[in-house]
Amino acid sequence: MTPRVIALVDVNNFYVSCERVFNPKLHGRPVVVLSNNDGCVISRSQEAKALGIAMAQPWFQLREIAEQYGVIAHSSNYALYADMSNRVMALLNDFARDQEIYSIDECFLDLTGMRGKQLLAHARRIRHSIRQWTGLPVCVGIGPTKTLAKLANQIAKQDIARGGVCDMNAMSDEERKACFSHMPASSVWGVGRRLAEKLDRLGIRTVNDLRNADAAMLNRRFSVTLEKTVRELNGIPCMEFEDTTAPRQQILTSRSFGHYVTDKHELREAVTQYITRAAEKLRRQASLANTLHLYIRTSPHNPDGKHRCPGITLPLQQATDDTFTLIRAGLYGLDHIYAPGYSYQKAGVVLGNLEPRTMAQGNLFAARDKRRERLMEAIDTINSRMGRATIRSAAEGYTQVWKMRAANKSKSYTTCWDGILVVNA
Amino acid sequence: MKNTPNNRGGARLGAGRKAGEPTTVIRVPANQAQPIRDFLAVHTKKRLQTARDNVAEIVEPALDTEPVSLPLYTTKVSAGFPSPADDHVEKRLNPSEYLVDNTSQTFFVRVKGDSMIDAGVFEDDVLVIDRSRVPQVGDIVLAMLDGEFTVKTLGKGKGGARLIPANKRYPVIEIKSEQSFEIWGVVTGSMRKFK
């Protein structure tokens, strides 16, 4: 079987980078982007990282540093980020035979068939083109498995001399071993801090240690996912493009269809179902979503050769957990990405950019239509389970809190005619 | 007894033969009679529900009709093969299609100022910027000079690039090597509303 070549392409400091495209004065300065509700840091420029500002740090804690070092804080502008993400993903799609969008700023590309200098040149072209066409800087990590591609991407970021590209396949065994023995096990995709601590107690501290560990033993002690990770670290692909895993802090609902679907109506039904389920999960964890990502895929192994895997990220006008709003958004997205004449094999919905629900978003007014009635019943049931106070507090405190935030939000440069950049002629 | 309220019986909404409607008698096999009666009962119930929904729309406050921010152009993102249906349909003219070649690399900006009026770029115009184009001498470009945006014609000077205005009142800008200079994109079109 041909060895797989998988690339992980992601945008550096995505939200900050988006702001910089339209405001060049932000270049070279410490900049952070804050979440809507809490005012926590969700993106930092390199300069801000150098000041020691951590991810998820609350803004009020940083006010002193901000004043002292001139840190600029922007409120999150999901309309802008979603649109820029859609551009990047659509452009990246043309560079590979298959694509899996992993989050708003990362995607996997299948470059199987390329290798050596040609592959490196291709990766550099990707970097250069995206920078030219969107103004966003990306890094490309390449490996025979998704896990190694992610690791390569990290190496590309850490080692500036590599020019933002790292091809693990091109590394010698010694070079790889040297890299891996200097990276902690927590660098590996799927290994969080807590798991890393448990592994540490077993003597597994570096990526190298994990790579050499007994996969079957780790399966027994922890999970089959960890076993797959270890195998992937050794170059054995276990996670196909069809097996999507949701990144942390996002809710994914997806399914492969039992048969090929060509009809839009059937897709609409599937999408509606997935969104309903995802929204239930969302409410259960008391979160609100700021973006909804929808994708549909044909099979890349289709005999007639027609493969497409479009996706779209939709920014929601306000953070929500309302099934009906999410469905409307999802179906709007489907209208944009659906094309007839293809045999779709899978669809998926990802609710992203979550924030904790401090007030309930009850849908108090709704037009009477049968489907909505059933939805409202579902929502009501959930609300009744969580206590009547849930609906009451939304009416009381909702407007006030929401208006206080988004103090420094940049304009909607790409989604609103009143928000486009004004330039001097 | 007449005084007690009678909840039973009485006319049911939608039930019974509609006045003036012609009726017909049908013969069915005896063992099919009950299934057919059951079906008719369910069918009538469904018809009744729909009828009830049409009664008296409840007035509600207007909601935001769109839950998402719409992208600025309505041309669909082309992703691969053109749809076979497109050839058979004469679609209404869409200004986006006229102005935008590459949706993912195209942006819009608004003009303030008059340094390019002799080139037909006026205050309040919306310029179409295509970042996929390689800038060439003679192109009108959106440039970033020392952190500031400016729209000018790209030219070649003694030391390097120069930005040329289209208005006698403005000077030519020679780009010095110590300045930070980058071309944001090539201006490929513009939009203007008179009214």
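Thresholds, definitions, all that
- Residues numbered from 1 in each chain as written.
- Chains lettered and ligands numbered in written order.
- Predicted model: local features only at pLDDT ≥ 70, side-chain atom pairs only at ≥ 80, totals over all residues.
- Heavy atoms only, no water.
- Helix = DSSP H or I, 4+ residues; strand = E, 2+ residues; numbered from the N terminus.
- Buried < 20%, exposed > 50% of the residue type's maximum accessible area, 1.4 Å probe, protein only.
- Contact = heavy atoms within 4.5 Å.
- Areas by Shrake-Rupley, 256 points an atom, 1.4 Å probe, with all protein chains shown as cover.
- Pairing = 2+ DSSP bridges.
- Axes fitted to C-alpha atoms, helices over the stretch in contact; angles between N-to-C directions.
- Phe/Tyr/Trp six-rings, centres within 6.5 Å; stacked < 30°, edge-to-face > 60°.
- pLDDT = per-residue confidence, 0-100.
- Salt bridge = Lys/Arg side-chain N within 4 Å of Asp/Glu carboxyl O.
- 1 Å grid on protein atoms, 1.4 Å probe; cavity = no way out; pocket = protein on both sides within 12 Å on 5 of 7 lines; lining within 4 Å.
- Points joined across faces, edges and corners; volume = space filled by probe spheres on them.
- Nonpolar A, V, L, I, M, F, W, Y, C, P; charged D, E, K, R; others polar.

### Quick notes on the overall build of chain B
Scanning chain B from terminus to terminus reveals two helices and seven strands. When its helices and strands are written in sequence order, chain B yields α-α-β-β-β-β-β-β-β. Out of the 195 residues in chain B, the part that is buried amounts to 29%. Here the contacts in chain B between residues at least 6 apart in sequence split such that 52% fall between residues at least 24 apart. For chain B, the computed accessible surface area is about 14600 Å², with 55% contributed by carbon and sulfur atoms.

### Some words on the sheet that holds strand β6 (residues 106-110) of chain A
One key point about sheets: their strands pair by backbone hydrogen bonds, in either a parallel or an antiparallel sense. Residue and element names in this part refer to chain A. Spatially, the five strands line up as an open sheet ordered β5-β6-β1-β7-β8, and their pairing is mixed. Among the strands making up the open sheet, the edge pair consists of β5 (98-103) and β8 (165-167). Across the sheet, the axes of successive neighbouring strands diverge by a mean angle of 15°, strand direction being ignored. Where β5 meets β6, five bridges bridge the pair, whose relative direction is antiparallel. Note on β6: the bridge partner recorded for Ile101 is Cys107. Strand contacts of helix α5 (residues 116-134): β1 (6-11), β6, β7 (138-143) and β8, with the helix running at about 155° to β7, the strand carrying the most contacts.

### Let's talk about the sheet that holds strand β4 (residues 72-75) of chain A
Residues and elements named next belong to chain A. The strand order across the open sheet built from three strands is β3-β2-β4, with neighbouring strands paired in mixed fashion. The open sheet has two edge strands with one neighbour each: β3 (41-44) and β4. For this sheet, the mean inter-axis angle between neighbouring strands, taken without regard to orientation, is 30°. Judged from the four bridges that link them, strand β2 (residues 31-34) and β4 form a sheet pairing that is parallel.

### What to know about the side chain of Ser299 of chain A
Residues and elements named next belong to chain A. As for its position among the elements, Ser299 is in the loop between β10 (287-298) and β11 (311-320). Residue classification places Ser299 among the buried positions, given a relative accessible area of 5%. Residues within four places of Ser299 in sequence aside, it is in contact with Tyr260, His307, Ser343 and Gln345.

### Here we look at the packing of aromatic side chains
Scanning all chains against the criterion turns up 17 aromatic pairs over all chains. On the basis of an interplanar angle of 85° and a centroid distance of 5.5 Å, the ring pair of Tyr102 of chain A and Trp189 of chain A is categorised as edge-to-face. Of this pair, Tyr102 of chain A sits in strand β5 while Trp189 of chain A sits in the loop between α7 (173-181) and α8 (193-201), and the two are 87 residues apart along the sequence. A residue is classified by how much of its surface remains accessible, and Trp189 of chain A, at 14% relative accessible area, is buried. Between Tyr342 of chain A and Tyr344 of chain A, the aromatic rings sit 6.3 Å apart at their centres with planes inclined by 40°, giving tilted as the arrangement. With a relative accessible area of 3%, Tyr342 of chain A lands in the buried category. The class for Tyr344 of chain A is buried, based on a relative accessible area of 0%. Members of the aromatic cluster, joined through ring pairs, are Phe22 and Tyr413 of chain A together with Phe107, Phe149 and Trp184 of chain B.

### Considering the confidence of the model for chain B
Residues and elements named next belong to chain B. Put simply, chain B has an average pLDDT of 79, and 67% of its residues get 70 or more. Below a pLDDT of 50 lies the segment residues 54-65, which in the model reaches ten contacts outside its immediate sequence neighbourhood of four places, other chains included. Under a pLDDT of 50 for its full length, residues 74-84 has, in the predicted model, 15 contacts with residues more than four places off or in other chains. Both scores are available for the predicted complex, with the pTM at 0.78 and the ipTM at 0.83.

### Observations concerning the pattern of salt bridges
According to the stated counting rule, one finds 24 salt bridges over all chains in the structure shown. Residues Glu240 of chain A and Arg4 of chain A are paired through a salt bridge, measuring 3.0 Å at the closest nitrogen-oxygen approach. Taken together, the residues span a long stretch of sequence, with Glu240 of chain A in the loop between α11 (224-233) and β9 (251-261) and Arg4 of chain A in the segment before β1 at a distance of 236 residues. Judged by its relative accessible area of 29%, Glu240 of chain A is partly exposed. By relative accessible area, Arg4 of chain A is classed as buried at 13%. A salt bridge links Arg133 of chain B to Asp130 of chain B; its shortest N-O distance comes to 3.5 Å. Looking at Asp130 of chain B, the relative accessible area reads 2%, which means it is buried. Salt bridges sharing partners connect three or more residues here, namely Arg4, Arg97, Asp110 and Glu240 of chain A.

### Some words on unusual backbone geometry
Positive phi values are uncommon outside glycine, yet Ala286 of chain A reaches one of about 55°. Given a relative accessible area of 29%, Ala286 of chain A falls into the partly exposed group. At Asp146 of chain B, a position not held by glycine, the phi torsion is positive, near 50°. Among the secondary structure elements, Asp146 of chain B is positioned in the loop between β3 (140-145) and β4 (148-156).

### Things to note about the side chain of Asp125 of chain B
Residue and element names in this part refer to chain B. Counting through the fold element by element, Asp125 comes out in the loop between β1 (106-112) and β2 (126-130). For Asp125, a relative accessible area of 0% corresponds to the buried category. Setting aside anything within four residues of it in sequence, one finds Asp125 in contact with Val109, Arg110, Val111, Gly120, Met191 and Arg192.

### Focus on the layout of surface pockets
All names here are of chain A. Size it by volume and the largest pocket reaches roughly 2000 Å³. Lining the largest pocket are 48 residues, with Met55, Glu106, Pro247, Arg248 and Gln249 sitting closest to its centre. Listing elements by their share of the lining of the largest pocket, those giving two or more residues are β1, α1 (14-22), β3, β5, α6 (146-158), α11 and β13 (355-356). Tallied by class, residues from the lining of the largest pocket come to 19 nonpolar, 18 polar and eleven charged.

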